[in-house]
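Reading the structure
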Amino acid sequence: YQLRVRTDFVDDLALALPRTIGAYEVTWNGTLIGKSGRISRTGELLEEDVTRLCFRIGRDLVKPENLLAVRVRGVGMVAGIQGAEVYAGPAHLVEPRFEKKKLWNLVMLGVFLFTSFSHFVSYMGRRTEVHYAYFSGLSFLMAMALAFRETLTYYFHPTLQLSLAS
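Overview of the structure. (Residues numbered from 1 in each chain as written. Predicted model: local features only at pLDDT ≥ 70, side-chain atom pairs only at ≥ 80, totals over all residues. Heavy atoms only, no water.)

Of the two faces of strand 8 (residues 53–57), only the one carrying Leu53, Phe55 and Ile57 is buried; Cys54 and Arg56 on the other face are not. Looking at chain direction, strand 2 (residues 13–17) and strand 8 are connected through 5 bridges and run antiparallel. By the bridge assignment for strand 8, Ala14 is matched with Arg56. (Buried < 20%, exposed > 50% of the residue type's maximum accessible area, 1.4 Å probe, protein only. Helix = DSSP H or I, 4+ residues; strand = E, 2+ residues; numbered from the N terminus. Pairing = 2+ DSSP bridges.)

So, in structure tokens, the structure goes:
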């Protein structure tokens, strides 16, 4: 995908992209500014990555007329970038928004874990109230789903091998 970008902005820019199934490479005026996963020169998927990333475009790369190119390689019949959370603009605005998204997911993880723990304690106090145990289990599963989908993948960066290609 290619997009011509006109700007009179003279400071650093940033581009935040959502998670992918597969890999992608981002170039700005022909200069690689970042990538998620690895794609061979022939276009084969070498390594998938599912983390959201934010790329800084230095002011030395910004011209009045620019070319943004994203090379995407999906897994099997599933292609590329998921979601509509693409942010582009001045780095001092895009990067904090990107970090807030990661922080929000961490807060939600804490809420689910607290709910799971408190309902488990309630169940241990009243063993006949099994709905506490069910809700505790559900909250814990939601916490794990959120943790592995959003939060913990950042700690395994640059890649979290999910064996999607096999």
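Next comes the rest of the account.
For an α-helix the count is 3.6 residues per turn, leaving residues at separations of three or four pointing the same way. Given a rise of 1.5 Å per residue, 35 residues ought to cover 51 Å, and the 51 Å separating the end C-alpha atoms of helix 1 (residues 91–125) matches this to within 8%. Three or more residues of helix 1 are buried, namely Ala91, Val94, Phe98, Asn105, Leu109, Thr115, Ser116 and Tyr123. (Expected span 1.5 Å × (residues − 1).)

Judged by side-chain polarity, Leu103, Trp104, Leu106, Val107 and Val111 come together as a nonpolar surface patch covering roughly 470 Å² of accessible area. By the secondary structure assignment, Leu103 is in helix 1. (Patch = residues over 30% accessible without salt bridge, like charges linked within 9 Å, V, L, I, M, F, W, Y side chains within 5 Å. Areas by Shrake-Rupley, 256 points an atom, 1.4 Å probe, with all protein chains shown as cover. Salt bridge = Lys/Arg side-chain N within 4 Å of Asp/Glu carboxyl O.)

Bringing the sheet that holds strand 1 (residues 2–6) into the picture now. One open sheet accounts for 4 strands, arranged 1-9-4-5; its pairing is antiparallel. The sheet is open, and its two edges are formed by strand 1 and strand 5 (31–36), each paired on a single side. For this sheet, the mean angle separating the axes of adjacent strands, direction not counted, is 20 degrees. (Axes fitted to C-alpha atoms, helices over the stretch in contact; angles between N-to-C directions.)

Moving on, we come to the environment of Val70. On the secondary structure map, Val70 appears in strand 9 (residues 65–73). Val70 sits in the buried class, given a relative accessible area of 15%. Between the C-alpha atoms of Val70 and Thr27, which are 43 residues apart in sequence, the distance is 6.4 Å.

Quick look at the packing of aromatic side chains now. As enumerated under the stated definition, the model contains 1 aromatic pair in all. Judged by centre distance (6.2 Å) and plane angle (85 degrees), the rings of Tyr24 and Phe55 are edge-to-face. Residue Tyr24 is located in strand 4 (residues 23–28), and its partner Phe55 is located in strand 8; the two are separated by 31 residues in the primary sequence. With respect to burial, Tyr24 and Phe55 carry one shared label: buried. (Phe/Tyr/Trp six-rings, centres within 6.5 Å; stacked < 30°, edge-to-face > 60°.)

Turning our attention to the pattern of salt bridges. In this structure the tally under the stated criterion is 7 salt bridges. Salt-bridge contacts for Glu25 lead to Arg71; the nearest nitrogen and oxygen are separated by 3.1 Å. With Glu25 in strand 4 and Arg71 in strand 9, the pair connects residues that are 46 residues apart, well separated along the chain. Classification of Glu25 as buried rests on a relative accessible area of 17%. Using a relative accessible area of 32% as the deciding quantity, one classes Arg71 as partly exposed. We note a salt bridge from Arg38 to Glu47, for which the minimum N-O separation is 3.4 Å. Accessibility expressed as a relative area gives 17% for Glu47, which makes it buried. Bridged by salt links that share partners, the residues Asp11, Asp12, Arg56, Arg59 and Glu95 form one connected network.

Any functional reading would require information that these geometric values do not contain.
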